[in-house]
Amino acid sequence: MSRAIAVITASAAKRLHMLGPAAHQAVEELRRELEDNPRLGIRRGPVQGTGETVVYRTRIESREGMPGLTVVYVYAPQPHPAAVAIITVAPDDGGNEL
């Protein structure tokens, strides 16, 4: 299996800036992990009209300097190379479904 290209979108980066350096570091670690495992989270469903593009959600546990985070990303396996875009980062209230 080939690696995916993973990026943090500008809007997600702005939110990370507001959440602080610990959150930025945690999401950067997730971004690197998604390069090897782009289907890491909970599948939320396909993006309408895009074929194989799928939205996923995952959670990063709280740690010193940051709350738990909910991260939403889009995975597009085609065209090659596969791509992941982290589109939303939000503090997680610890509840169930979003």
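Structural notes, computed from the coordinates.

**Some points on the overall build of the protein**
When its secondary structure is counted, the protein shows 2 helices and 5 strands. Reading the protein from its N terminus to its C terminus gives the helix and strand order β-α-α-β-β-β-β. A burial count over the protein gives 42% of its 98 residues as buried. Working note: accessible area of the protein is about 5,800 Å², and carbon and sulfur atoms make up 53% of it.

**Some thoughts on the packing of aromatic side chains**
Note on aromatic pairs: each is described by the distance of the centres and the angle between the planes. Taken as a whole and assessed by the stated rule, the structure comprises 1 aromatic pair. With a centroid separation of 5.4 Å and 15° between ring planes, the pair formed by Y56 and Y73 is classed as stacked. Separated by 17 residues along the polypeptide, Y56 in strand β3 (residues 54-60) and Y73 in strand β4 (residues 69-76) bring together distant segments of the chain. Pair check on accessibility: Y56 and Y73 agree, each one buried.

Calculation criteria
- Along each chain, numbering runs from 1 in the same order as the chain's sequence is written.
- At least 70 in pLDDT is required for a residue's local features to be given in this predicted model, at least 80 for side-chain atom pairs to be given and counted, and no such filter applies to totals for whole chains, interfaces and linings, which use all residues.
- Working from all heavy atoms in the structure, the side-chain values ignore hydrogens and water.
- Comment: elements are numbered from the N terminus, with helices defined as DSSP H or I runs of at least four residues and strands as E runs of at least two.
- Only protein chains enter the calculation, and the probe is 1.4 Å; a residue is then buried if its accessible area is under 20% of its type maximum, exposed if over 50%, and partly exposed in between.
- Accessible surface area values rest on a Shrake-Rupley calculation with a 1.4 Å probe, where residue burial reflects the displayed protein chains alone.
- Two rings from Phe, Tyr or Trp (for Trp, the six-membered ring) form a pair when their centres are within 6.5 Å of each other. A pair whose planes differ by under 30 degrees is stacked, one over 60 is edge-to-face, and the rest are tilted.

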